[in-house]
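Secondary and tertiary structure notes
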Amino acid sequence: MVNFMHAHFKIYKPFGYLSQFITNQQKQKKTKMLGELGDFPEGTMAIGRLDKDSEGLLLLTTNGKLSKLITAGKIEKEYVAQVDGEITSEAIDNLQKGVEISINGKRYLTANCKCSLLDCVPGFPERGRAIRSERHGPTSWISITLTEGKFRQVRKMTAAVGFPTLRLVRVRIGNEKLDNLQPGEVQQKQLFDI
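Residues numbered from 1 in each chain as written. Predicted model: local features only at pLDDT ≥ 70, side-chain atom pairs only at ≥ 80, totals over all residues. Heavy atoms only, no water.

1. A closer look at helix α1 (residues 64-71)
Every buried residue of α1 is listed here: Leu66, Ser67 and Ile70. Considered in projection along α1, the buried side chains sweep an arc of 100 degrees and stay on one side of the axis. Facing away from the buried surface of α1 by more than 90 degrees, the exposed residues are Lys65, Lys68 and Leu69. Where α1 is buried, its residues meet β1 (8-13), β4 (45-47), β5 (55-61), β6 (77-84) and β11 (165-173). Capping of α1 at its N-terminal end is provided by Asn63; its side-chain oxygen lies 2.9 Å from the backbone amide nitrogen of Lys65. Positioned one or two residues after α1, Gly73 has a phi angle of 105 degrees, which is positive. (Buried < 20%, exposed > 50% of the residue type's maximum accessible area, 1.4 Å probe, protein only. Helix = DSSP H or I, 4+ residues; strand = E, 2+ residues; numbered from the N terminus. Arc of directions from axis to C-beta. Contact = heavy atoms within 4.5 Å. Polar contact = N/O pair within 3.5 Å; in protein donor to acceptor, adjacent residues only side chain to side chain.)

Okay, here's the thing in structure tokens:
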């Protein structure tokens with residue numbers, strides 16, 4: 001049972017931010033941390049992570065047990081990815097069945113997942129930094145839903161099938177959705193609807 005004394009937050013992690021509050025490395029001028037997005041209580045931690053180049057839904061909590069429950073590998077995480085090129089049905093099928101990627105220098109076969117081509121371009125807010133010029137060719141948007149969460153997994157998976165990820169936005173963790181949050185926006189919650 002979750003203790004109501006814990007604090008919980010839902011945020012839209014913007015592009016360029018690290019999914020952490022402090023770093024053991026010497027802070028560089030351009031390194032942005034989650035603590036810059038709001039006044040969070042001591043002990044607040046990200047539930048899972050999004051790499052610096054990814055954006056979207058991130059859940060924060062002061063409850064380590066809840067964090068462990070959500071990251072244990074049973075909760076679905078849905079991402080929307082803009083990939084380089086016009087993705088093929090064969091590539092989508094391969095993503096669904098699992099592809100071989102490298103994790104810490106070792107070969108790893110990803111678990112089955114849900115993957116589909118989106119019919120239209122999602123209405124995400126413009127990113128501060130341009131993705132790339134349209135003159136470099138077409139792109140596609142896909143939805144991919146995983147229960148695992150290896151380091152840069154979605155990016156590695158789409159690259160493995162020949163369609164590198166250009167933009168990656170997490171839109172759902174369990175039943176919690178990004179909804180209409182804007183980059184950098186924070187919502188405090190009593191509990192998560194996981």
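2. Considerations on the pairing of strand β10 (residues 139-146)
For β10, a buried count of seven out of eight residues is recorded, marking the element as mostly surrounded by other parts of the structure. In the sheet, β6 pairs with β10 via eight bridges, with the strands oriented antiparallel. Each bridged residue has a counterpart across the sheet, and for Ala81 the counterpart in β10 is Ile142. Where strand β9 (residues 114-117) and β10 come together, four bridges link them in antiparallel fashion. Within β10, the residue paired with Leu117 across the bridge is Ile142. (Pairing = 2+ DSSP bridges.)

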